[in-house]
Each structure stands twice: as structure tokens, then as C-alpha cells.
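# Close look at the chain arrangement
Each chain, letter by letter, is given below.
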Amino acid sequence: MDMSQHFRLILLFFLLANFSAFSQNKEELQQKKEQLQKEIERTNNLLEDAKKEKVESVNTLRTLQRKIENRTQVIQTIEIELSIYSSRINQLKSQIDSTQINIENKKNEIEILKKDYSKMISYAYYNRNSYSRLAFVFSAQSFYQAYKRLTYLQEYSSFRRMQVEQINLVEKQLQDELFLFKTQKALIALEKNQKSKNLSQSLSEQELLAIEKVQQNNLVSSLKRKEKQLRSELNDKQAKAKALNAKIRKIIEEEIRLAKEKSKKSGNVNYEMTPEQQLLADNFTQNKGKLPWPVERGVILESFGIQKHPVLRGIETFNNGIKLSTENASFVRAVFEGKVSRIISIPGAGKAIIINHGDYFTVYSNLSDVLVKAGETVELKQNLGVVITNKKTKESITELQIWKGDEKLNPSDWLFKAY
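Residues numbered from 1 in each chain as written. Predicted model: local features only at pLDDT ≥ 70, side-chain atom pairs only at ≥ 80, totals over all residues. Heavy atoms only, no water.

Turning our eyes to something else, we now look at the overall build of the protein. The secondary structure content of the protein amounts to 6 helices and 12 strands. Within the protein, buried positions represent 39% of all 419 residues. The contacts of the protein with a sequence gap of at least 6 include a subset with a gap of at least 24, amounting to 75%. Accessible area for the protein stands at about 24800 Å²; split by element, carbon and sulfur atoms hold 52% of it. (Helix = DSSP H or I, 4+ residues; strand = E, 2+ residues; numbered from the N terminus. Buried < 20%, exposed > 50% of the residue type's maximum accessible area, 1.4 Å probe, protein only. Contact = heavy atoms within 4.5 Å. Areas by Shrake-Rupley, 256 points an atom, 1.4 Å probe, with all protein chains shown as cover.)

Here it is as C-alpha cells:
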């Protein structure tokens, strides 16, 4: 491999390294888009089921709103990608302009070198006779002058060789610049092509978003005509949620009290977990943001904390956890290994399971059938029960709560990629 080929490989490496870093950024955005598109597909399936059953409910509206939120995020992600593409294209254009200047400079340099060399060749041709060169040396008036003339002839010959080498070097540099120019042109063509595809995708997503917003407005208008019914349903749900949350808090407080009593009996003044419980709690803590979802396929309908009602103006509710919509007859599964503390029932709201994970507790509610029993040790992703399917609306909604001691935590912070 000659020096020029080696240089081109190094040049290509740096170009691709720069492009690779850019590609990595694009890949992260692409993964986010794919994740959002998967959730859009899940929400779409739920909405199609609601459409078949001719269901117009608050949960249907929330599902549609979730779809709109995800679609908006997809468009925003595409806009970021377009911005990156534009920046990359401008950067390449600047590099191409610089390369073109270098190419012109090298061409001019070669032309000047060749003209100078041509003059030297012409001069050498007319003075090619060895007798003339000897006469030039021996016609000197002194030995010193003869030595200087001989040195001059030798240096002149050496300079001619250097001129040839310089011409060859600059020509190789020119070839390297031309190679760089072609590579940059190829990269910019690729970036423009990708940008064009993203622009097309952005327009398609915006058209779908416009349609979904019209559907949202129509559904809101339809539900507003059922305000009395919605208020009655909301009051019923809040009463059941209040009863469930009171039981959950009481059970968790009881678990903590019993643990403290056990700790005191063993000689500890303050509540301390057993080594096994401490290890389980530490592992749970370390898995924040990595826990699997409690359903295999689901969509978050209601987030943790204060929620504004999507139809009833001025009405707010508070969620101790997150509510997920899933497919009919779906299983709820454990998000982490642990021990079943209690199984509780709420009239009209099904059953709930509380699992202990050291000083953490997870709660899974709105279940019809339960597949575990109190005191049982469960594994990660083990099926715990079946989500209730509402006979009227055909919707399957479950709730996940996470507690640390008597403190409620936001499950979205703990689940894997929960937006």
C-alpha cells in the first residue's frame, strides 16, 4: 500500500467516524420513533375494538388522546431528525466548497510546477552536450570558481529530480482531494435522500394527526351530551377507588407495623429489614426505569397524580398509580419478584393483589380471576390474575401502584420506557 492509499483510508475513516456519530444520534431517534409507532398501533387496535362495539366512553377518548400525544411526539422527533439532516448537509456543503478550493489550488500548483520544469528541460536540451558542461567547468579562471560551477551543475541536476518528485507529490494530493470530493458528494446525496423521506413521513403524520384531532373533537362533543351519566360514572369510580386505596394503605401500614414489632423483638430499636428483604429492596431500587410492564400489551390511559377530566370542565381526580388499557382476557404479571402480602376484594371493582418487595410494595387491581394466594413467592413476569373486561364498554382496564413504605411512587418512573 503506497502513502496515497494509506492517506485515503485515514481520510475515509475520519469521514465515516464523523458520519457514524451522526448515525448513532439518528439511530436513537429512530428507536424512539419505532417505540412511539408501536404504542400508536396498540392504541389503534383498542380504538378499532371500541369502534366495532360502538363504544363512546371517557376511556375511548383517553385512548384517542394518547394516540394523538404519541403522534405529536413522532412528528417532533421527525422535526429533530430534519434539523440534524439540514445541519449535516450544510456541514458537507461547506466541506465540499473547501475541497473544491483545494482542488483548484492543486491544479494551479501543478500547472506552475510543470511550466517551470518545462523551462528547465528546454534549457537542459540546448545544453545537453557533455563537452559544453566540461568546457563550462574548465573555463573557470580559478580552482574555486571551477568547484563552484561543478557544484552548481550537480545542484541543478538534483533540483530537476526534486521538481519531478514535487510534481508527483502534488498530483497525488490532487487525487486525494478528488477522492474526498467524490466521497463528500456521495454522502450529501445520501443525506438529501433521507431528508426527503423524512419530509414525506412528516407530511403523512401531520395529515393523520389532523384526522385524529377531528375525531377527538367529535367524541368530546358526543360525550358532553352525556354529562349527567359521566358524572354518575365518575362518582361511582371515585367511591370504589377510595375504598380500594383505603384498604391498600391500611394493609401496607399493618405490614410496616408488624415488621417493626418483629424487629424490636429481635433487639433492633428501629425498623430494619432482614438481609433477604434488604437485598430484594436494593435490587428493586437498582431496577428503576427497567421494570417490565404489568401487562404484555397495554397503553397508559391515566398517569400518576392529578388528572383533569377530558370532558367535565373543572373536575380533577388523583391517581395513586397508573391506569392501563389492555386487550380483553389479558393477564396481569408481576413487575418484580416478591411475596404476595394480601389479596383484597372491592364490591363492583374486582380484586387486587399486593406484593411485597422488601420495603417496596406493588399493587395490581381491577382483576376478575386471581392465580396466586397470600404468602406465595412470585417470580418476575409471573401471571397474577386476569383483568376485568367491562361488560358494557368491553374495555379492560387495570391499575398499577408502587409504594415505598407508606409513600406513593409514580410507576411511570419505574417501568421500562413508560412515556
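The next point concerns the nonpolar core. In terms of nonpolar packing, the biggest core is built from 29 residues, with Ile353, Ile355, Tyr364 and Leu384 touching the most fellow members. Of all the elements in the fold, those that place two or more residues in this core are α6 (275–286), β4 (322–326), β7 (350–357), β8 (360–370), β10 (383–387) and β11 (396–404). If we ignore the near neighbours within four places in the chain, the residues touching Tyr364 are Pro294, Val332, Arg333, Ala334, Val335, Lys351, Ala352, Ile353, Ile355, Leu384, Glu399 and Leu400. Listed in part, the 13 residues of the second largest apolar core include Ile248, Ala352, Ile354 and Phe361. (Core = buried A, V, L, I, M, F, W, Y, C linked by side-chain atoms within 4.5 Å.)

A separate point is the confidence of the model for the protein. Here the protein averages 83 in pLDDT, and 82% of its residues register 70 or above. Averaged pLDDT values for the elements of the protein fall to 50 in helix α3 (residues 130–138) and rise to 97 in strand β5 (residues 331–333). (pLDDT = per-residue confidence, 0-100.)

Another point: the pairing of β8. Taken together, the 6 bridges between β7 and β8 define a ladder with antiparallel strand orientation. Paired with Ile353 across the strands is Tyr364, a residue of β8. Here β7 hands over to β8 after 2 residues, with Gly358 in that stretch at a positive phi of 85 degrees. Looking at chain direction, β8 and β11 are connected through 6 bridges and run antiparallel. Directly across from Thr362, in β11, lies its bridge partner Ile402. (Pairing = 2+ DSSP bridges.)

A full pass over the atoms with the stated rule returns 5 aromatic pairs. For the pair Phe284 and Trp414, a centre-to-centre distance of 5.2 Å together with 40 degrees between the ring planes defines the contact as tilted. Placement of Phe284 in helix α6 and of Trp414 in the segment after β12 (407–409) is noted, with a sequence separation of 130 residues between them. Exposure class is identical for Phe284 and Trp414. Each is buried. One aromatic cluster is present, built from ring pairs that chain together Phe284, Phe336, Tyr360 and Trp414. (Phe/Tyr/Trp six-rings, centres within 6.5 Å; stacked < 30°, edge-to-face > 60°.)

Moving on, we come to the environment of Ser57. Structurally, Ser57 can be placed in the loop between α1 (3–52) and α2 (58–126). Sequence separation between Ser57 and Lys226 is 169 residues, and the spatial gap between their C-alpha atoms is 9.8 Å. Setting aside anything within four residues of it in sequence, one finds Ser57 in contact with Leu223 and Glu395. Here Thr60 takes part through its side chain, which lies 2.9 Å from a polar atom of the side chain of Ser57. (Polar contact = N/O pair within 3.5 Å; in protein donor to acceptor, adjacent residues only side chain to side chain.)

A few words on the pattern of salt bridges. Taken as a whole and assessed by the stated rule, the structure comprises 16 salt bridges. Two residues, Arg66 and Glu39, come together in a salt bridge whose shortest N-O distance is 2.7 Å. Linking Arg66 in helix α2 with Glu39 in helix α1, this pair joins segments that are 27 residues apart in sequence. Residue classification places Arg66 among the buried positions, given a relative accessible area of 8%. Given the relative accessible area of 2%, Glu39 is considered buried. The salt bridge partner of Glu56 is Lys226, with a shortest N-O separation of 3.9 Å. Taken as a pair, Glu56 in the loop between α1 and α2 and Lys226 in the loop between α4 (143–224) and α5 (227–265) lie far apart in primary sequence, 170 residues in all. Look at the salt bridges and you will find they share partners, linking Lys67, Arg71, Glu205 and Glu212 into a network. (Salt bridge = Lys/Arg side-chain N within 4 Å of Asp/Glu carboxyl O.)

What follows concerns unusual backbone geometry. Positive phi is not limited to glycine here, since Asn366 has a value of about 65 degrees. Residue placement: Asn366 occurs in strand β8. The class for Asn366 is partly exposed, based on a relative accessible area of 22%. Unlike most non-glycine residues, Lys394 shows phi in positive territory, near 65 degrees. Here Lys394 lies in the loop between β10 and β11. Owing to a relative accessible area of 38%, Lys394 belongs among the partly exposed residues under this scheme.

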